[in-house]
Amino acid sequence: MAAPPHRRRRRLLMVAISLLFFDSIANLVDGKGVEENLTSDSFTPINRDLYHSSANLMEEIESLVHRHPRKLTMETFSGASRGYQADVAVVTYCRNRTEVNDISKFRLLLSFGQHGRELITSELALRILSILSEEEFLPNVDRRALNRTLDHLLIKVVPMENLNGRKLVEGGDLCERRNGRGVDLNRNWSVDWGKKEKDYDPTEENPGSAPFSEPESQIMRKLAMTFEPHVWINVHSGMEALFMPYDHKNTTPDGLFTIRMKSILKVLNQRHFHDRCMVGSGGGSVGYLAHGTATDYMYEIAKVPMAFTFEIYGDGSASAKDCFRMFNPTDLATFNKVLNDWSAAFFSIFMLGPQRVSKIKGKTESDQDKWVSMDEYLEGYLIARRSRYNKKTEVLELGFQEIRTYYRLFMLSFVLLMFMFCTRISRTKFHRPTVSSTPV
């Protein structure tokens, strides 16, 4: 006898549930996690209500600069390499613009947005600039005392170092961290460049064809050489951490500045983050070594007294493929908390940095002891850039490119001539005819 319709429907439902259950068990047995079964619809999209687009964020910053011309200036530096073009905007803060070239001021260089997918870092740059211009304020801070400190500072802010990579993220590639042609800008610097760990992933850590092969890295190097900062901070997301050198080895540097850097990080961690941040060297704390990083170059080659990498947010519960959620807060409360906590931490750095450096200033390496290569010397002050007058120095740069070429040819010719000269002397010595000592 046939079963009633409602029983048949119930049986079909039970069979369907059973099939789904056993299919899930089979996937787990086969090692297929939930992440592999996620579709693109499962990924968290960019929250446009919280985050500016790259174009809108830079427009906001440009408007901020125009509203506060006595405190802020902005330049856009351009570079190109093998058909690839990149622009890097730099905002300079000085409470009195007439003192912007005062070399006695304490100098800080801050870089945000080096990896395209880390949108929250550029939002922090905008918040810091807004506080510096006094359009926003930190709670429980004596503004007069802060202004007395800021009077002695010169701060350069790079709000979005990797603009081309950021555009790829906005176009839908939410996991992209590299620049517009697939190079990780934080692996493109010269300290221990090109070394690859066993778990090396070219989609994440491609170091480029050579150190400074990328225009963005070239621009940042030239900026560091000309500005000579006392403090460098490279801002990232993915976890909560306060890092100092080194990234390429599991150790920290020796010396007084290391002690000062550790003391500053300890104060920041206690004061602003209730000791929840990881603190130490990048290579010794994060669980893997990173080669060719900006922070190691700034400390080791550029001789910046205090060099840091800050990781300002990370969601460890996010899927490895859900990159926006992993690297950026997705709700308003967390978004605001990250910006408030970390902007306060930066202003603590502004106050603590000069104190720590001044205590050991007499024991640091003098400017005369800083040696750079011929290429770095020639390139240091030459950069194709658009100023507020939209003038370029392309012709001058082309001229110096020729000078570099002739210099290299001269050195090559000199080495070859010396080799030929030494070879001729050697042959003359060993083929000299023997003269008989017996009189004829």
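Residues numbered from 1 in each chain as written. Predicted model: local features only at pLDDT ≥ 70, side-chain atom pairs only at ≥ 80, totals over all residues. Heavy atoms only, no water.

Visitor: Can you explain the packing of aromatic side chains? Please cite residues and give values.
Guide: As enumerated under the stated definition, the model contains twelve aromatic pairs in all. Plain terms: the ring middles of Tyr 51 and Phe 324 are 5.3 Å apart, the flat faces sit at 80 degrees to each other, and that makes the pair edge-to-face. Here Phe 324 lies in helix H11 (residues 323-327) and Tyr 51 lies in the loop between helix H1 (5-29) and helix H2 (54-67), a separation of 273 residues in the sequence. Overall, Phe 324 belongs to the buried group, its relative accessible area being 1%. Taking 5.3 Å as the distance between ring centres and 80 degrees as the angle between the ring planes, the aromatic pair formed by Phe 212 and Tyr 297 counts as edge-to-face. Highlighted residues: Phe 212 in the loop between helix H6 (202-205) and helix H7 (215-227) and Tyr 297 in helix H10 (residues 294-300), separated in sequence by 85 residues. As far as the burial class goes, Phe 212 and Tyr 297 line up, both buried. Directly above the ring of Phe 212 sits Arg 221, whose terminal nitrogen or CZ lies 4.2 Å from the centroid. Over the ring of Tyr 246 we find Lys 249; its NZ or CZ atom is 4.5 Å from the centre of that ring. (Phe/Tyr/Trp six-rings, centres within 6.5 Å; stacked < 30°, edge-to-face > 60°. Helix = DSSP H or I, 4+ residues; strand = E, 2+ residues; numbered from the N terminus. Buried < 20%, exposed > 50% of the residue type's maximum accessible area, 1.4 Å probe, protein only. Lys NZ or Arg CZ within 6 Å of the ring centre and 35° of its normal.)

Visitor: Please set out the pattern of salt bridges residue by residue, giving values where relevant.
Guide: Enumeration over the complete set of coordinates arrives at 18 salt bridges. For Glu 135, the salt bridge goes to Arg 67, with nearest N and O atoms at 2.7 Å. Taken together, the residues span a long stretch of sequence, with Glu 135 in the loop between helix H3 (119-132) and helix H4 (143-150) and Arg 67 in helix H2 at a distance of 68 residues. The closest approach of N and O atoms between Arg 177 and Asp 184, which form a salt bridge, is 2.5 Å. The exposure class assigned to Arg 177 is buried, which follows from its relative accessible area of 8%. Among the charged side chains, a salt-bridge network with shared partners connects Lys 71, Arg 95, Glu 134, Arg 143 and Asp 151. (Salt bridge = Lys/Arg side-chain N within 4 Å of Asp/Glu carboxyl O.)

Visitor: Would you mind going over the packing of H2 against H3 in detail, with residue names and values included?
Guide: For any two helices packed against each other, the geometry comes down to the angle between their axes and how far apart the axes lie. The contact between H2 and H3 brings their axes to 11 Å, and the two run at 15 degrees. Judged by the angle between their axes, H2 and H3 are roughly parallel. Considering the relative orientation of H2 and H3, their crossing is left-handed. Facing H2, whose interface residues are Leu 57, Glu 60, Ile 61 and Leu 64, H3 presents Ser 122, Glu 123, Leu 126, Leu 129 and Ser 130. Looking at the contact of H2 with H3 residue by residue, the classes come out as five nonpolar, two polar and two charged. (Axes fitted to C-alpha atoms, helices over the stretch in contact; angles between N-to-C directions. Parallel < 35°, antiparallel > 145°, perpendicular 65-115°, else oblique. Left-handed = near helix turned anticlockwise from the far one by under 90°. Contact = heavy atoms within 4.5 Å. Nonpolar A, V, L, I, M, F, W, Y, C, P; charged D, E, K, R; others polar.)

Visitor: Just give me the short version of the side chain of Asn 328, but keep the residues and values in it.
Guide: Secondary-structure assignment places Asn 328 in the loop between H11 and helix H12 (332-359). Classification of Asn 328 by relative accessible area gives buried; the value is 0%. In this structure the side chain of Asn 328 is engaged in a polar contact, spanning 2.9 Å, whose partner is the backbone nitrogen of Ile 120. Non-local contacts of Asn 328, meaning those with residues more than four positions away in its chain, are made with Tyr 51, Arg 117, Glu 118, Leu 119, Ile 120, Tyr 313 and Cys 323. (Polar contact = N/O pair within 3.5 Å; in protein donor to acceptor, adjacent residues only side chain to side chain.)

Visitor: So what's going on with the state of the cysteines? Residues and values would help.
Guide: Under the criterion given, the structure shown has one disulfide. Residue Cys 175 pairs covalently with Cys 323 via a disulfide, S to S 1.9 Å. Disulfide Cys 175 to Cys 323: torsion about the S-S bond roughly 95 degrees, handedness right-handed. Note that Cys 175 is positioned in the loop between helix H5 (163-170) and H6 and Cys 323 in helix H11, a separation of 148 residues in sequence. Of the residues examined, Cys 175 reaches a relative accessible area of 27% and is grouped as partly exposed. (Disulfide = S-S within 2.5 Å.)

Visitor: Let's hear about the pairing of strand E1 (residues 72-81): which residues, and what values?
Guide: Note on strand geometry: in a regular strand, side chains alternate between the two faces of the sheet. Pairing of E1 with strand E2 (residues 84-93) involves ten bridges; the strand directions are antiparallel. Of the residues in E2, the one forming a bridge with Met 74 is Val 91. Two successive antiparallel strands, E1 and E2, enclose a turn made up of two residues, where Arg 82 displays a positive phi of approximately 50 degrees. (Pairing = 2+ DSSP bridges.)

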